[in-house]
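One letter stands for each residue in the lines below.
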Amino acid sequence: MSIKIAPSLLSADFARLADEIASVEKGADLLHLDVMDGHFVPNITMGPLVVKACRAHSRLPFDCHLMIEEPQRYIDRFLVAGADMISVHCEAEPHLQRALQMIRDGGAKAGIAINPATPAESLTTAIEFCDFVLVMTVNPGFGGQHFIEPVVPKIRHIAQLVRERGVPVEIEVDGGIDARTAPAVVSAGARILVAGSAVFGQPDRAAAMESIRAAVTSSKV
Ligand code: DX5
Ligand code: ZN
């Protein structure tokens, strides 16, 4: 099973971002950047300035996860900063199809992020407008939280919706993903795995990513 690993910079040392990025450059498929505004989520992290600064230090595709109210107002700025993928929360964007179109028009892949308590049904009128769905397996805002197991059947449900519609939509999961939880989400249909503390919390980042891949491979999902 071919999966992509997206280390989340949220668990990196923010005073040494260039070095931290270099430590995952080999072994990662994407770099996940968590943007938080202190409104949609209680935490505040980075904006387009930091994304642009990081862009100069990496060849990896940048996956910007916008945990902000009215994300449409900032999409252009993240496109200019160098985002290759941008996800907006369906709970935060009242004009979801329009926001996804803006992302695609800017040449990036468009994603719908969905919180653990939001039902899969809320994707039914927008799934054709996106390239990926980012399924949260924790409530967004912080790294290092516990994986919410009851989201696994929802991943399966979304994978089924994708198959029924025949759309080329990838499923990404985010929150509490490590070698222990990865096999279940991949078995349910996830193909992009975000991992923050499971990668940046380990001294050997390449080995940490490898152990997630190995767990998925050995579980034969
Ligand atoms: C949480 C963020 C995640 C976070 C995941 O709100 O969206 O990307 O970095 O961290 P871990 O993998 O430690 O749960
Ligand atoms: Zn994230």
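An account of the accompanying structure is given in this report. Every value quoted in this text rests on a predicted model; they were computed, and no experiment measured them.

Brief notes about the packing of aromatic side chains
Then step 1. Using the criterion set out here, one finds zero aromatic pairs in the structure.
Then step 2. Positioned above the aromatic ring of Phe62 is the side chain of Arg55, whose terminal nitrogen or guanidinium carbon lies 3.8 Å from the ring centre.

A look at the side chain of Thr137
Then step 1. Position of Thr137 relative to the elements: it lies in the loop between strand 6 (132–136) and helix 5 (152–165).
Then step 2. At a separation of 2.7 Å, a polar atom in the side chain of Thr137 contacts the main-chain carbonyl oxygen of Gly175.
Then step 3. Once residues within four sequence positions are removed from consideration, Thr137 is found in contact with Pro116, His146, Phe147, Ile148, Val151, Ile155, Asp174, Gly175 and Ile177.

Brief notes about the site of ligand 1
Then step 1. Taken together, 20 residues lie around ligand 1, and Ser8, Gly141, Asp174, Gly196 and Ser197 are the ones closest in.
Then step 2. Note that an oxygen atom of ligand 1 is positioned 2.5 Å from one of the side-chain N or O atoms of Ser197.
Then step 3. Computed on the free molecule, ligand 1 has an accessible area of 380 Å², of which 100% lies beneath the protein chains in the complex.
Then step 4. Of all the secondary-structure elements, those providing two or more residues to the shell around ligand 1 are strand 2 (31–36), strand 3 (62–67) and strand 8 (192–195).
Then step 5. Counted by class, the shell around ligand 1 contains eight nonpolar, ten polar and two charged residues.

With respect to the coordination of the zinc ion (ligand 2)
Then step 1. On the protein side, the zinc ion (ligand 2) has His32 (NE2), Asp34 (OD), His65 (ND1) and Asp174 (OD) as donor atoms, found 2.0 to 2.3 Å from it.
Then step 2. In terms of primary sequence, the donors binding the zinc ion (ligand 2) are separated according to H-x1-D-x30-H-x108-D. Placement of His32 in strand 2 and of Asp174 in strand 7 (residues 170–174) is noted, with a sequence separation of 142 residues between them. Accessibility classification places His32 together with Asp174 in one group, the buried group.

Some words on the pattern of salt bridges
Then step 1. Inspection of every chain in the model, using the stated rule, returns ten salt bridges.
Then step 2. Residue Glu20 pairs with Arg16 through a salt bridge whose shortest N-O separation is 3.7 Å.
Then step 3. Looking at Glu20, the relative accessible area reads 5%, which means it is buried.
Then step 4. Assessed through its relative accessible area of 40%, Arg16 is described here as partly exposed.
Then step 5. Arg205 is the partner of Glu20 in a salt bridge, and the nearest nitrogen-oxygen pair spans 2.8 Å. Of this pair, Glu20 sits in helix 1 (residues 17–24) while Arg205 sits in helix 8 (residues 205–218), placing them 185 residues apart in sequence.
Then step 6. Accessibility expressed as a relative area gives 10% for Arg205, which makes it buried.
Then step 7. One continuous salt-bridge network, built from bridges that share partners, spans Asp13, Arg16, Asp19, Glu20 and Arg205.

Let's talk about the nonpolar core
Then step 1. Ranked by size, the top nonpolar core spans 68 residues in total, and within it Leu9, Val133, Val135, Ile155, Ile158, Val185 and Leu193 carry the most contacts.
Then step 2. Broken down by element, the residue count for this core peaks at six residues, all from helix 5.

What about the pairing of strand 7?
Then step 1. The buried fraction of strand 7 amounts to four of the five residues, a majority that puts the element mostly inside the structure.
Then step 2. Note: strand 6 against strand 7, five bridges, orientation parallel. Bridge pairing links Met136 to Asp174 in strand 7.
Then step 3. Of the crossover connections in this fold, the one passing from strand 6 over helix 5 to the parallel strand 7 is right-handed.
Then step 4. Strand direction decides the pairing type here: strand 7 and strand 8, joined by three bridges, are parallel. Looking at the pairing, Asp174 lines up with Val194 of strand 8.
Then step 5. For the handedness criterion, the β-α-β arrangement of strand 7, helix 6 (residues 182–188) and strand 8 is classed as right-handed.

Re helix 1
Then step 1. Taken residue by residue, helix 1 has Leu17, Glu20, Ile21 and Val24 as its buried positions. Down the axis, helix 1 shows its buried residues gathered within 100° of arc, on one side only.
Then step 2. The elements touched by buried residues of helix 1 are strand 1 (4–7), strand 2, helix 2 (48–55), helix 7 (197–200) and helix 8.

Describing the state of the cysteines
Any covalent bond linking the sulfur atoms of two cysteines counts as a disulfide.
Then step 1. Taken as a whole and assessed by the stated rule, the structure comprises zero disulfides.
Then step 2. Unpaired in terms of disulfides, Cys54 finds its nearest cysteine sulfur in Cys64, a separation of 9.3 Å.
Then step 3. The thiol of Cys90 is unpaired, and the distance to the nearest cysteine sulfur, on Cys130, comes to 10 Å.
Then step 4. Relative accessible area serves as the criterion here: at 16%, Cys90 is assigned to the buried category.

Parameters at a glance
- Residues numbered from 1 in each chain as written.
- Chains lettered and ligands numbered in written order.
- Predicted model: local features only at pLDDT ≥ 70, side-chain atom pairs only at ≥ 80, totals over all residues.
- Heavy atoms only, no water.
- Phe/Tyr/Trp six-rings, centres within 6.5 Å; stacked < 30°, edge-to-face > 60°.
- Lys NZ or Arg CZ within 6 Å of the ring centre and 35° of its normal.
- Helix = DSSP H or I, 4+ residues; strand = E, 2+ residues; numbered from the N terminus.
- Polar contact = N/O pair within 3.5 Å; in protein donor to acceptor, adjacent residues only side chain to side chain.
- Contact = heavy atoms within 4.5 Å.
- Near = heavy atom within 4 Å.
- Areas by Shrake-Rupley, 256 points an atom, 1.4 Å probe, with all protein chains shown as cover.
- Nonpolar A, V, L, I, M, F, W, Y, C, P; charged D, E, K, R; others polar.
- Donors = N, O, S within 2.8 Å, 3.2 Å for Na, K, Ca; no water.
- Buried < 20%, exposed > 50% of the residue type's maximum accessible area, 1.4 Å probe, protein only.
- Salt bridge = Lys/Arg side-chain N within 4 Å of Asp/Glu carboxyl O.
- Core = buried A, V, L, I, M, F, W, Y, C linked by side-chain atoms within 4.5 Å.
- Pairing = 2+ DSSP bridges.
- Right-handed = clockwise from strand over helix to strand, strands pointing away.
- Arc of directions from axis to C-beta.
- Disulfide = S-S within 2.5 Å.

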